[in-house]
Amino acid sequence: MRRTVFNEDHEAFRETLRAFIQAEVVPVYDEWLQAGQAPREFYHQLGELGVFGINVPEEFGGAGMDSHKFEAVLYEETARAGVQFGGSGVHVLLALPYIKMLATDEQKKRYLPKFTTGEEMWAIAMTEPGTGSDLAGMKTTAKLSEDGTHYVLNGAKTFITGGVHADRVIVCARTSAPTAEDRRHGISLLAVDTTSEGYSVGRKLDKLGLRTSDTAELAFVDVKVPVEDLLGEENKGFSYLGHNLASERWGIAVGAYAQAKAAVRFAKQYVQERTVFGKPVAHFQNTKFELAACQAEVDAAEAVADRATEALDAGELTPAEAASAKLFCTEVAHRVIDRCLQLHGGYGYMNEYPIARLYADNRVNRIYGGTSEIMKTIIAKDMGL
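All values derive from a computational prediction rather than experimental measurement.

Colleague: I keep staring at the packing of aromatic side chains and nothing clicks. Help me out?
Modeller: Working definition: an aromatic ring pair is given by the centre-to-centre distance plus the angle between the planes. Summed over all chains, the structure comprises 12 aromatic pairs. Through pairs of rings, three or more aromatic residues link up here, namely Phe 20, Tyr 29, Trp 32, Phe 42, Tyr 43 and Phe 85. Just above the ring of Phe 6 sits the side chain of Arg 14; from NZ or CZ to the centre is 5.2 Å.

Rendered as structure tokens:
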């Protein structure tokens, strides 16, 4: 089946990106894996390539696009090469929508030019040591000073992707106490300068997969945040977070599909080259059947991912549809990657093979952005159950 989701501009971007990955990322990727993060200067390269500015208005140095299809191409090309772009995905997929949706004209003038070039990297801090999916239970506070010029931020966050290299972090904090009627009330979003006194980066977390993304713990002790860095209205942060969850889950769904597609590519190449009992592994019927079944699942995931992409670009992707796409694509990727690793035999367990890294990288897809169980809850509620 011919795909219709991409046009000539997207394919030209794909060619540029593929060449960039082969020249600038693949040769040094093992070094990034050993270091546990991509180097900070790499993000300047992505800025120069235009990756960060695709959806940034032209007046702030971007391309002025209003489409997520270029991001989809990026997911496919990084997965195809068996690499990750560090923590930069959060910068574009998660942080940018909040800036575009909530920032004032004055804030956009301050934030977006440096965002676009990679001079100022962004992350978002929601999760706390005691709160995961239950964001309404967060304890981090931001109290307005008596003179009304700044907030005083105190608390801690964890699992913050991009947290080590971030220059500015959108911190979710309580500016008011929850009410008896609404425990979600009182959360606000603050664009915090990471050089602020009292702001500190704790451990860079040692993860199972996504080894090149810098995921960290953050702590805030009496951090002064100017009121000019409040994003949107005070106490309405929870509704803002819900508004952007659909695009976040879309990104995870498309990324998972891309990983599944890459896994089939890696396995097909391996079984054609690997010889057992005097024959290529691809010669055996079991190999053919396994890869055929995997390809059928990838085809289905592609259709779901493409449909979600079109709906997102049209502004029509509902929370339930995003949850369904994430659930389906991540579960498909889980099954496909596991079966493709099995076809590699013992070598599939070796990190020098991309299938092993893909296996580890993929596992978090069914956890972050809302677990598979949360996705089922959302879908069931939409069904009236």
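The discussion continues.
Colleague: Hey, could you run me through the packing of helix α7 (residues 237–273) against helix α10 (residues 354–362) in this one?
Modeller: Angle between the axes and distance between the axes: these two values describe a pair of packed helices. In the contact formed by α7 and α10, the axes pass within 10 Å of each other and the chain directions differ by 160°. Between α7 and α10, the angle falls in the class roughly antiparallel. Once α7 is placed against α10, the crossing between them reads as left-handed. Across from Gln 259, Ala 262, Ala 263 and Phe 266 in α7, the residues of α10 making contact are Pro 354, Ile 355, Leu 358, Asp 361 and Asn 362. The residue inventory of the contact of α7 with α10, partitioned by class, reads 6 nonpolar, 2 polar and 1 charged.

Colleague: Just to check I follow, could you spell out the environment of Gly 89 for this structure?
Modeller: Tracing the backbone shows Gly 89 in helix α5 (residues 88–102). Placed 15 residues apart in sequence, Gly 89 and Leu 74 show a C-alpha to C-alpha distance of 9.7 Å.

Colleague: What exactly am I supposed to notice about the state of the cysteines here?
Modeller: Note: disulfide means a covalent bond formed between the sulfur atoms of two cysteine side chains. Applying the stated criterion to the full structure yields 0 disulfides. Just so you know, Cys 294 is unpaired, no disulfide at all, and the nearest cysteine sulfur is the one on Cys 340, 4.2 Å from it.

Colleague: Sorry if this is basic, but what is going on with helix α6 (residues 105–117) here?
Modeller: Since there are 3.6 residues in each turn of an α-helix, residues three or four apart along the chain are aligned in direction. An ideal rise of 1.5 Å per residue puts 18 Å on 13 residues; α6 measures up with 19 Å between its terminal C-alpha atoms. Of all the bends found along α6, the most pronounced is centred on Tyr 111 and spans about 30°, while Pro 113, a proline, follows it within four residues. Among the residues making up α6, those that are buried are Gln 107, Lys 108, Tyr 111, Leu 112, Phe 115 and Thr 116. On its buried face, α6 is in contact with α3 (40–49), α5, β1 (122–125), β4 (168–174), β5 (187–193) and β8 (230–231). At the C-terminal side of α6, Gly 118 shows a positive phi close to 85°.

Colleague: What is the right way to read the side chain of Thr 330 from this model?
Modeller: With respect to the helices and strands, the residue Thr 330 is situated in helix α9 (residues 319–343). Other than its neighbours up to four places away in sequence, Thr 330 contacts Ile 252, Ala 256, Asn 365, Arg 366 and Ser 372.

Colleague: Would you mind going over the environment of Ile 378 with me for this structure?
Modeller: Here Ile 378 shows up in helix α11 (residues 372–382). For the pair Ile 378 and Pro 319, spaced 59 residues apart in sequence, the C-alpha separation works out to 7.8 Å. When neighbours within four sequence positions are excluded, Ile 378 is seen to be in contact with Arg 249, Pro 319, Ala 320 and Ala 323.

Colleague: I'm lost on a nonpolar patch on the surface in this one. Help?
Modeller: A cluster of nonpolar residues, Tyr 347, Tyr 349 and Met 350, forms a patch on the protein surface that exposes about 360 Å² of accessible area. Take Tyr 347: it is sitting in the loop between α9 and α10. What makes Tyr 347 partly exposed here is its relative accessible area of 36%.

Colleague: Honestly, the pairing of β4 in this entry has me stumped. Any pointers?
Modeller: For a regular strand, side-chain orientation follows a simple rule: the groups alternate between the two sheet faces. Of all the 7 residues making up β4, 7 are buried; the element is thus mostly covered by neighbouring parts of the structure. The alternating pattern of β4 places Arg 168, Ile 170, Cys 172 and Arg 174 on one face and Val 169, Val 171 and Ala 173 on the opposite face, and all of these are buried. Bridge count between β1 and β4: 4 bridges; the pairing is parallel. Its bridge partner lying in β4, Ile 124 is registered against Ile 170. Judged from the 7 bridges that link them, β4 and β5 form a sheet pairing that is antiparallel. Looking at β5, one finds that Val 171 is bridged to Leu 190.

Colleague: What is the right way to look at the pattern of salt bridges in this model?
Modeller: Oppositely charged side chains are able to pair whenever their charged atoms sit close together. Evaluation of the coordinates by the stated rule reveals 21 salt bridges. For Arg 3, the salt bridge is made with Glu 302, and the minimal N-O distance between the two is 3.5 Å. Placement of Arg 3 in the segment before α1 (8–25) and of Glu 302 in helix α8 (residues 285–313) is noted, with a sequence separation of 299 residues between them. For Arg 3, a relative accessible area of 22% translates into the label partly exposed. A relative accessible area of 15% means that Glu 302 is categorised as buried.

Colleague: Which parts of the structure should I look at to understand the packing of α5 against α7?
Modeller: The contact between α5 and α7 brings their axes to 10 Å, and the two run at 140°. When the axis of α5 is compared with that of α7, the two are oblique. Handedness of the crossing formed by α5 with α7: right-handed. Residues Leu 93, Leu 94, Pro 97, Tyr 98, Met 101 and Leu 102 of α5 form the contact with α7, whose participating residues are Tyr 240, Leu 241, His 243, Asn 244, Ser 247, Glu 248, Trp 250 and Gly 251. Its residues assigned to classes, the contact of α5 with α7 comprises 9 nonpolar, 4 polar and 1 charged.

Rules behind the numbers
Residues numbered from 1 in each chain as written. Predicted model: local features only at pLDDT ≥ 70, side-chain atom pairs only at ≥ 80, totals over all residues. Heavy atoms only, no water. Phe/Tyr/Trp six-rings, centres within 6.5 Å; stacked < 30°, edge-to-face > 60°. Lys NZ or Arg CZ within 6 Å of the ring centre and 35° of its normal. Axes fitted to C-alpha atoms, helices over the stretch in contact; angles between N-to-C directions. Helix = DSSP H or I, 4+ residues; strand = E, 2+ residues; numbered from the N terminus. Parallel < 35°, antiparallel > 145°, perpendicular 65-115°, else oblique. Left-handed = near helix turned anticlockwise from the far one by under 90°. Contact = heavy atoms within 4.5 Å. Nonpolar A, V, L, I, M, F, W, Y, C, P; charged D, E, K, R; others polar. Disulfide = S-S within 2.5 Å. Expected span 1.5 Å × (residues − 1). Bend = angle between axes of the 7 residues up to and from the residue. Buried < 20%, exposed > 50% of the residue type's maximum accessible area, 1.4 Å probe, protein only. Patch = residues over 30% accessible without salt bridge, like charges linked within 9 Å, V, L, I, M, F, W, Y side chains within 5 Å. Areas by Shrake-Rupley, 256 points an atom, 1.4 Å probe, with all protein chains shown as cover. Salt bridge = Lys/Arg side-chain N within 4 Å of Asp/Glu carboxyl O. Pairing = 2+ DSSP bridges.

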